[in-house]
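Chain by chain, the residues run as shown.
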Amino acid sequence: MRVIQFREALREAMIEEMIKDDTIYLIGEEVGEYEGAYKVSQGMLKKFGSKRIIDTPISESGFSGISIGSAMNGLKPIVEFMTFNFSLVAIDSIINSAAKIFQMSGGQFSIPIVFRGPTGSAGQLGAQHSQCFANWYANCPGLKVIVCSNPYDAKGLLKSSIIDPDPVIFMESETMYSDKAYVPEKEYYIDIGKAKIVKNGTDITIVGFGKILKNVYEAITLTKDLNINVEVIDLRTIRPIDYNTVIQSVKKTGRLILIEESWPLGNISTEIAFMIQKEAFDYIDHPIIRLNSPDVPMPYSNNLVKRYLPSTNDVIKAFKKVMYLS
């Protein structure tokens, strides 16, 4: 084992798969000469050349459409968006082509393509560059959607995404690219669609994905004196959702908190809350709590940004509320 950054884990995943399969290529803005907007593809142009590390103009709709067409013809593109906010320009191609062609062609065309890049807030970037569209893409059949919270998962899940025959939306975070963690030198894959119980507990189940889980870990540390035993589930994949892991956990703890960097209407937390009341209603000892962003666009003011995102203090308050300590 060695400690590497999140960006290095992503890079290793791409390089390992590209060495094994010359039909895989990386395409996007600044992925080549500039070595990636966040240095994820550093050194890859030199290693693989310009036919497999392809710089593009600012043209998400164009290079996404070209990549989908190439996937229909036997290639395996990795499409990097500088941010998933910009994927909205290409959403017609993603939703109406990549997600649907397998079914509409009667299985004649598969689309082995990965769309990857940062999602959610990265600080004071304003309303148009701070959005989390994970639940949007997860709403569309034909796509798989992954949001990682650490380098270990990022590498294993990206490798699995690259070799998957279906289109995968792979979301990262600008604020996590420098995060470090132990990652094996030995090759490994992580199954898509399987949540991870990060911490076992008996009193509360808390479910989340992506960088917001950092607030959960901090809240657990700060509430040790309350002797609350929290079970933490990292969804990792939000389409398909591993409902069973969450259901079994709630049956054990009787309490559920859902945390998500997303607007409150129609998000992943809403879907999980519905499934829990459907499958584990008799086990719930407290109404389910959802911690989401307010139902407004992201503000620019730093003070308002801090109030906008679900915080460590919000998690602590939720712990106390479900345990009837406040």
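Residues numbered from 1 in each chain as written. Predicted model: local features only at pLDDT ≥ 70, side-chain atom pairs only at ≥ 80, totals over all residues. Heavy atoms only, no water.

### Re the pairing of strand S10 (residues 204-208)
A regular strand carries its side chains on alternate faces of the sheet. Taking burial as the measure, the five residues of S10 include five buried ones, the bulk of the element. Of the two faces of S10, the one holding Ile204, Ile206 and Gly208 and the one holding Thr205 and Val207 are both buried throughout. For S10 and strand S11 (residues 230-234), the ladder comprises five bridges, and the chain directions are parallel. Pairing of Ile206 across the sheet is with Val232, part of S11. Chirality of the crossover, the property in question, places the unit of S10, helix H8 (residues 213-222) and S11 among those that are right-handed. Sheet analysis places S10 next to strand S13 (residues 256-259), joined by three bridges and oriented parallel. Bridge pairing links Ile206 to Ile257 in S13. (Buried < 20%, exposed > 50% of the residue type's maximum accessible area, 1.4 Å probe, protein only. Helix = DSSP H or I, 4+ residues; strand = E, 2+ residues; numbered from the N terminus. Pairing = 2+ DSSP bridges. Right-handed = clockwise from strand over helix to strand, strands pointing away.)

### Details of the sheet that holds S11
Here five strands make up an open sheet; going across it, the order is S9-S11-S10-S13-S14 and the pairing mixed. Unpaired on one side and paired on the other, strand S9 (196-199) and strand S14 (289-291) mark the two borders of the sheet. For this sheet, the mean inter-axis angle between neighbouring strands, taken without regard to orientation, is 25°. (Axes fitted to C-alpha atoms, helices over the stretch in contact; angles between N-to-C directions.)

### Notes on the environment of Ser269
Here Ser269 lies in helix H10 (residues 268-279). Note: C-alpha distance between Ser269 and Pro184 (85 residues apart in sequence) is 32 Å. Discounting residues that sit within four places of it in the chain, Ser269 has contacts with Leu258, Ile259, Glu260, Arg290 and Asn292. Only 2.8 Å separates the side chain of Ser269 from the side chain of Glu260, close enough to count as a polar contact. (Contact = heavy atoms within 4.5 Å. Polar contact = N/O pair within 3.5 Å; in protein donor to acceptor, adjacent residues only side chain to side chain.)

### Description of the pattern of salt bridges
As enumerated under the stated definition, the model contains 19 salt bridges in all. Residue Glu17 pairs with Lys159 through a salt bridge whose shortest N-O separation is 2.6 Å. Remark: Lys159 occurs in helix H7 (residues 151-163) and Glu17 occurs in helix H1 (residues 6-20); sequence separation between them is 142 residues. The buried category is assigned to Lys159, whose relative accessible area is 0%. For Glu279, the salt bridge goes to Lys278, with nearest N and O atoms at 2.8 Å. A relative accessible area of 36% places Glu279 in the partly exposed class. Taken together, the salt bridges that share partners define one network made up of Arg2, Glu12, Glu16, Glu17, Lys20, Lys155, Lys159 and Glu187. (Salt bridge = Lys/Arg side-chain N within 4 Å of Asp/Glu carboxyl O.)

### Details of the packing of helix H9 (residues 243-253) against H10
Angle between the axes and distance between the axes are the two parameters that describe a pair of packed helices. Interhelical geometry of H9 versus H10 gives an angle of 55° and a closest axis separation of 10 Å. When the axis of H9 is compared with that of H10, the two are oblique. Of the two elements, H9 crosses H10, and the hand of that crossing is right-handed. Side by side, H9 and H10 meet where Tyr243, Val246, Ile247, Val250 and Lys251 of the first sit next to Glu271, Ile272, Met275, Ile276 and Glu279 of the second. Grouping the amino acids of the contact of H9 with H10 by side-chain chemistry returns seven nonpolar, no polar and three charged. (Parallel < 35°, antiparallel > 145°, perpendicular 65-115°, else oblique. Left-handed = near helix turned anticlockwise from the far one by under 90°. Nonpolar A, V, L, I, M, F, W, Y, C, P; charged D, E, K, R; others polar.)

### Let's talk about the packing of aromatic side chains
If you walk through the whole model with that rule in mind, you get eight aromatic pairs. Measuring from ring centre to ring centre gives 6.3 Å for Phe6 and Tyr177, while their planes differ by 80°; the resulting arrangement is edge-to-face. With Phe6 in helix H1 and Tyr177 in the loop between strand S7 (168-172) and strand S8 (180-183), this pair connects stretches of sequence that are 171 residues apart. Comparing Phe6 with Tyr177, the two get one shared label, buried. Put simply, the rings of Phe63, Phe81, Phe84, Phe115 and Tyr137 pair up and form one aromatic cluster. The positively charged end of Lys39 is found above the aromatic ring belonging to Tyr34, 3.6 Å away from the centroid. (Phe/Tyr/Trp six-rings, centres within 6.5 Å; stacked < 30°, edge-to-face > 60°. Lys NZ or Arg CZ within 6 Å of the ring centre and 35° of its normal.)

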